[in-house]
Amino acid sequence: CSLFLLMALLPVSFLSRSLSPALSNDPVLSFQDIAPQAGLLEPTIMRGTPKGDFLLSTSGGPVAAFDFNADGLMDLFLGGSGSFPGSPETAALQRSRLYENRRNGQFKEISRQVGADLEGWSQGACAGDLNNDGFVDLVVTFYGKVVLLMNQNGVRLKALDSSTVGLEATNQRWNSGCTLLDYDRDGYLDLFVACYAKYEEGLEIFDRDELRAGVSPVLAGFSGEHNYLFKNHAGEKFSDVSKETGILPNEAGLSFTPISLDYNRDGWTDLFIANDSTPNRLYLNSGDGRFEEVGLLSGVAYNEDARALAGMGVDVSDYNSDGFPDLAITNFSNQPVSLFRNFRGTSFLDVTFPDGLGDTISFVKWGINFLDYDLDGRDDLFYSTGPIYPPGLITPFDKTEGTPNLIYRNIGGRFQRIAASGEGGLPESRYCSRGSAAVDIDNDGRLEIVINNINGPPELWKINNESRHSWIGLQLEGEKTNRSAVGSRVIVKTSNGEQFKEVRAASGFCSQSDSRLHFGLGRASSAEIRIEWLSGTIQEFSDVQVLNRYLTVKEGVPLH
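Residues numbered from 1 in each chain as written. Predicted model: local features only at pLDDT ≥ 70, side-chain atom pairs only at ≥ 80, totals over all residues. Heavy atoms only, no water.

What about the side chain of Glu-225?
Moving on, step 1. Residue placement: Glu-225 occurs in the loop between helix H5 (210-213) and strand S12 (228-233).
Moving on, step 2. A residue is classified by how much of its surface remains accessible, and Glu-225, at 5% relative accessible area, is buried. (Helix = DSSP H or I, 4+ residues; strand = E, 2+ residues; numbered from the N terminus. Buried < 20%, exposed > 50% of the residue type's maximum accessible area, 1.4 Å probe, protein only.)

Below you can see the structure in the form of structure tokens.
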């Protein structure tokens, strides 16, 4: 009852908050899929055997944007599927792929030559500098294992299997999403791995019992699985610290996507996990090496009707510009996207309907990304959709191709859906979308959207924006803080107000967006920047006039 009491005590201004109106003379926008001309041509294939389709066939398809060769351009990893023992029919399925950004909007697949053509049924991916050597490493979760791809000076990726680096607990598990965070602030990125159902349930032929095929996993009788936190020991090995940190024991859930955030801004990184048909989890970092699960007490475990929705993907943004990170979660069909507004670090309130995201419930929703596509200083919202049963499967259920991928404009702290093609919005997709990422592939300050489609080619949406709004991008490099600066936050202040963002290593549906911090500045001509590094170091820069470019900021070093 304490939650309802808190809601009753909230000021009306919080429940119906309206920021200053959006900038006038809205820019003309158009969206173009440039994947074919960019060289992103190969489909992501996920299907079972001639005997039937696996339950596993419905998930997977991660995207990770990271700078593999440290040339200042974001490269793209797209997770695929592989063969299973005793299933020769799946042996020819697509492996995972890495595409090198060749400038001018062109990509070249380099998977085999650099060691990224991984076998196995990929589920999630996240990237960060695990050993602080200046090159970004990649973690890929699979059905049955986790693989670390250690970056060898931007030339090759050395694959390290779970059992060789202390991640044995992920073997024979249905691993889903992952994220990197420095939970103990020792300067090294630790690894959190979410798990979905029991391992054996992944290879169930889901048309064996038609009654189980169209209901929630809980009603179908699937068992949840426990999640894991692994401590990074100086970039060389990991150890399972799930029990001593309080991640275990907790009731097992059907977990998809974890994401890090400091929701109460106490300087210690917390964790949120989007769960499918089981309560979402929120782990509060106490700062002494332990977490407390506060999902129910904080108001994010259930929706406003006290129901556990079927959570898929999640992203974080201070969309209403009050200085605290909020949560947006994609859910199953017949459920809206969930929007939880952070009440100054004490609790969250489900504002899905009052803040404009309750209008679309028909589709299964997967990837989700906050991005300021019109550069007005307010994060807008994109999410991908796709049938639960992708086209190309043999199972005789509804697998209608093509559901819309949707984009919403942030207007003063509320969202308004951008209409279909011809009215400034995204055309209806021809494919079955899963993971997505927001990434600036050409460093022009306008984020693109990359989508991994199941049994179809990827999409790369270029946003053509005629506005003259300014922007600034920040690439943070830690010294005392982990090299990727994950967990650090930046406040940018202009004549239009303040923006607040954190560096993180996962977002969307089991995926990762561009980890550089991107700020639209509207018509501002200068900015004040405050960086709060995870180590506790604070740097402030006033009257920054170097706009419309990316700046690299090293911890403790003046900005030039």
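Here's the deal with the sheet that holds strand S14 (residues 255-261)
Moving on, step 1. Overall, antiparallel pairing links the four strands, which are arranged S14-S15-S16-S17 in an open sheet. At either end of the open sheet lies a strand with only one pairing partner, and these are S14 and strand S17 (291-293). Strand-to-strand, the axes of this sheet are offset by a mean angle of 20 degrees, without reference to chain direction.
Moving on, step 2. Both S14 and strand S15 (residues 270-275) contribute to a ladder of six bridges, which runs antiparallel. Paired with Leu-261 across the bridge in S15 is Asp-270. (Pairing = 2+ DSSP bridges. Axes fitted to C-alpha atoms, helices over the stretch in contact; angles between N-to-C directions.)

Here we look at unusual backbone geometry
Moving on, step 1. For the bond running from Leu-248 to Pro-249, omega is -5 degrees, close enough to zero to count as cis.
Moving on, step 2. Position of Pro-249 relative to the elements: it lies in the loop between helix H6 (242-245) and S14.
Moving on, step 3. Phi is positive for Asn-548, close to 60 degrees, though the residue is something other than glycine.
Moving on, step 4. Relative to the assigned elements, Asn-548 resides in the loop between strand S34 (538-544) and strand S35 (550-554).
Moving on, step 5. Using a relative accessible area of 42% as the deciding quantity, one classes Asn-548 as partly exposed.

Section: the sheet that holds strand S18 (residues 314-317)
Strand pairing in a sheet relies on backbone hydrogen bonds, with the paired strands running either antiparallel or parallel.
Moving on, step 1. If you walk across this open sheet you meet the four strands as S18-S19-S20-S21, and the pairing is antiparallel. What marks the edges here is a single partner per strand, and that holds for S18 and strand S21 (348-350). Strand after strand, the sheet turns through a mean of 20 degrees between neighbouring axes, direction not considered.
Moving on, step 2. Direction of pairing for S18 relative to strand S19 (residues 326-329): antiparallel, over a ladder of four bridges. Residue pairing in the sheet places Val-314 in a bridge with Ile-329 of S19.

By themselves these figures say nothing about function.
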